[in-house]
Amino acid sequence: MQTRTASCHCGQLRLSCEDPPRKISMCHCEDCKRRTGSAFSVAVFYARDKVRLMDGEARQWQRPSASGFPVTFHFCGTCGSNIYWEPQRMPDLVAVASGAFADPDFPAPAQSVRTVEKHHWVILPEDIVQFADYPPRSPG
Ligand SMILES: [Zn+2]
Ligand SMILES: [Zn+2]
């Protein structure tokens, strides 16, 4: 078993996550683009009891989602990095930003969602499962 640490840009917020994650999902939706400031988001879903806030204080912001359930985002009040979020649709899971691990060897996402909003230049891995919209019953 491996424990990984996710942290914000300034380092005051650190999250310990016990592997393996339940699912890794890439999302191309407009909300993820605005949240990350990037072309897509990669969410690493862990069982809630495998994730622990080690250091720091997070601020929260909640918004409704396409599923009809709100999502609460936790971010660093100093540097603004959003390192984890909680989709109320999946109360047993916590999503952690893949980039917050800053590990080039981190496993690849198994699925890609909202590909209708994907930037044309983003090339997906060959074996990834693709959904034009959000998948119906999956932590996407
Ligand atoms: Zn920070
Ligand atoms: Zn998204």
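Residues numbered from 1 in each chain as written. Chains lettered and ligands numbered in written order. Predicted model: local features only at pLDDT ≥ 70, side-chain atom pairs only at ≥ 80, totals over all residues. Heavy atoms only, no water.

J.: I'm lost on the coordination of the zinc ion (ligand 1) in this one. Help?
T.: Metal coordination angles in their ideal form are 109.5 degrees for the four-donor tetrahedron and 90 or 180 degrees for the six-donor octahedron. Note on the zinc ion (ligand 1): its protein donors are Cys8 (SG), Cys10 (SG), Cys76 (SG) and Cys79 (SG). The metal-donor distances range over 2.3 to 2.4 Å. Relative to the metal, the 4 donor atoms surrounding the zinc ion (ligand 1) lie at angles of 106 to 117 degrees, and the coordination shape comes out tetrahedral. All donor residues of the zinc ion (ligand 1) come from one chain, and their arrangement in sequence is C-x1-C-x65-C-x2-C. Of the two residues, Cys10 is situated in the loop between strand E1 (3-7) and strand E2 (14-18) and Cys76 in strand E7 (residues 71-76); the sequence distance between them amounts to 66 residues. (Donors = N, O, S within 2.8 Å, 3.2 Å for Na, K, Ca; no water. Tetrahedral: all angles 85-135°; square planar, octahedral: opposite > 155°, others 65-115°. Helix = DSSP H or I, 4+ residues; strand = E, 2+ residues; numbered from the N terminus.)

J.: Just checking my understanding: could you explain the sheet that holds strand E5 (residues 51-55) for this structure?
T.: Sheet strands pair via backbone hydrogen bonds, and the direction of the pair is either parallel or antiparallel. Strand order in the open sheet formed by 3 strands is E1-E2-E5, with antiparallel pairing between adjacent strands. Of all the strands in the sheet, the pair left with one neighbour each is E1 and E5. This sheet shows a mean twist of 30 degrees between the axes of neighbouring strands, independent of strand direction. (Pairing = 2+ DSSP bridges. Axes fitted to C-alpha atoms, helices over the stretch in contact; angles between N-to-C directions.)

J.: Would you mind showing me how to read the packing of aromatic side chains here?
T.: Any aromatic ring pair is given by two values, namely how distant the centres are and how the planes are angled relative to each other. In this structure the tally under the stated criterion is 4 aromatic pairs. For the pair Phe101 and Phe106, a centre-to-centre distance of 4.8 Å together with 20 degrees between the ring planes defines the contact as stacked. A cation over a ring is seen here: Arg35 above Trp85, with NZ or CZ 3.9 Å from the ring centre. (Phe/Tyr/Trp six-rings, centres within 6.5 Å; stacked < 30°, edge-to-face > 60°. Lys NZ or Arg CZ within 6 Å of the ring centre and 35° of its normal.)

J.: Could you clarify how one ought to interpret the side chain of His28 in this entry?
T.: Within the secondary structure layout, His28 lies in the loop between strand E3 (23-27) and helix H1 (30-36). Judged by its relative accessible area of 0%, His28 falls in the buried class. (Buried < 20%, exposed > 50% of the residue type's maximum accessible area, 1.4 Å probe, protein only.)

J.: Would you mind showing me how to read the coordination of the zinc ion (ligand 2) here?
T.: Around the zinc ion (ligand 2), the protein contributes the donor atoms Cys27 (SG), Cys29 (SG) and Cys32 (SG), at 2.1 to 2.3 Å from the metal centre. Summarised as a motif, the one-chain spacing of the donors to the zinc ion (ligand 2) is C-x1-C-x2-C. A single burial state applies to Cys29 and to Cys32, both of which are buried.

J.: I keep staring at unusual backbone geometry and nothing clicks. Help me out?
T.: Excluding glycine, most residues fall at negative phi; most peptide bonds, likewise, are trans. Residue Pro20 is bonded to the preceding Asp19 through a cis peptide linkage, with omega at -5 degrees. Considering the arrangement of structural elements, one finds Pro20 in the loop between E2 and E3. The backbone of Ala102 shows a phi angle near 45 degrees, a positive value even though the residue is not glycine. Here Ala102 is to be found in the loop between strand E9 (93-97) and strand E10 (111-113). Positive phi is not limited to glycine here, since Arg114 has a value of about 60 degrees. Within the element layout of this structure, Arg114 appears in the loop between E10 and strand E11 (129-130). What makes Arg114 buried here is its relative accessible area of 19%.

J.: Would you mind going over the pattern of salt bridges with me for this structure?
T.: Side-chain pairing between opposite charges can occur once the charged atoms of the two side chains come close. Enumeration according to the criterion identifies 10 salt bridges in this entry. Asp55 serves as the salt-bridge partner of Arg14, at 2.7 Å between the closest nitrogen and oxygen. Taken together, the positions of Arg14 in strand E2 and Asp55 in strand E5 put the pair 41 residues apart, joining distant regions of the chain. Residue Arg14 is classed as partly exposed on the basis of its relative accessible area, which comes to 30%. Each of Arg4, Asp19 and Asp103 takes part in one network of salt bridges that share partners. (Salt bridge = Lys/Arg side-chain N within 4 Å of Asp/Glu carboxyl O.)

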